[in-house]
Amino acid sequence: MTRSRRQRYGMLLAGWTIAVALHGFHNSTMGLWDSLLPAIAADWTGLLALVVLLFVTRRREATWIREELEEEVALGVLAPEDYAALPSLRERFRLYRQHYRQGGRRRASVWHHLTQLASDLAFKKRHLRLRGEDAATHARVARLRTEISRAQASLGRLQITDPVCPNCGHTGHAGCQF
């Protein structure tokens, strides 16, 4: 998540330029050299770049999830075993299968919903940290914490509690000014 609009547009322009250049290289190799080998090399270079981008993005997201959700374990929103599994796709899938074996499709669906909520919470908290206080985002964080607590309770992990907001001290954000 880049901070400035200039950086975001710069990355967008760079990506577009690379795509156009690879496409142009592919077309020119087919037209000028009438050889398939350079065209295939251009195609696979684009695919390799995409795989590298996916790998780097996934690692960055895992780091954000670890950093932003650590506090949620201390607040009692997330169970420690769920927190440990969230950054890893392999662990998420392992726990999904475990929940499926324990309670069928319904329980596995609750686990999947929990992972989606927790990821959303991590990214919203990161947004708050980078962009500063925002009333709508702060309220969304509070709602996500409550939804995660309910999902944890339905999995039998934690009791339903109304998490205390570390920023303002309120529970449930009734009357919270943020």
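Refer to the structure presented above.
Residues numbered from 1 in each chain as written. Predicted model: local features only at pLDDT ≥ 70, side-chain atom pairs only at ≥ 80, totals over all residues. Heavy atoms only, no water.

Undergrad: Looking at this model, I keep getting lost on the packing of aromatic side chains. Mind explaining?
TA: Aromatic ring pairs are described here by two measures, namely the spacing of the ring centres and the angle between the planes. Counted according to the given criterion, the structure contains one aromatic pair. Seen in terms of ring centroids, Trp64 and Phe123 are 6.0 Å apart; in terms of plane orientation they differ by 80 degrees. Their pairing is edge-to-face. You can see Trp64 sitting in helix α2 (residues 36-75) and its partner Phe123 sitting in helix α4 (residues 89-131), a full 59 residues away along the chain. (Phe/Tyr/Trp six-rings, centres within 6.5 Å; stacked < 30°, edge-to-face > 60°. Helix = DSSP H or I, 4+ residues; strand = E, 2+ residues; numbered from the N terminus.)

Undergrad: It is not clear to me how the nonpolar core should be interpreted in this structure. Could you clarify?
TA: Soluble globular proteins: nonpolar side chains tend toward being buried together. Counting residues in each nonpolar core, the largest one holds 21 residues, and the members touching the most others are Leu69, Leu78, Leu86, Trp111, Leu114, Leu121 and Ile148. Of all the elements in the fold, those that place two or more residues in this core are α2, α3 (80-85), α4 and α5 (135-154). Take this core: its biggest share by element is nine residues, from α4. (Core = buried A, V, L, I, M, F, W, Y, C linked by side-chain atoms within 4.5 Å. Buried < 20%, exposed > 50% of the residue type's maximum accessible area, 1.4 Å probe, protein only.)

Undergrad: Looking at this model, I keep getting lost on the pattern of salt bridges. Mind explaining?
TA: Once their charged atoms are close, side chains differing in charge can pair, the charge on each being opposite to the other. One pass over the structure, following the stated rule, counts nine salt bridges. Here Arg129 ties to Glu67 by a salt bridge, and the two come within 3.8 Å at their closest N and O atoms. Residue Arg129 is found in helix α4, and its partner Glu67 is found in helix α2; the two are separated by 62 residues along the sequence. On the basis of relative accessibility, which here comes to 45%, the residue Glu67 falls in the partly exposed class. A single network of salt bridges, built from pairs that share partners, joins Glu71, Glu72, Lys125 and Arg145. (Salt bridge = Lys/Arg side-chain N within 4 Å of Asp/Glu carboxyl O.)

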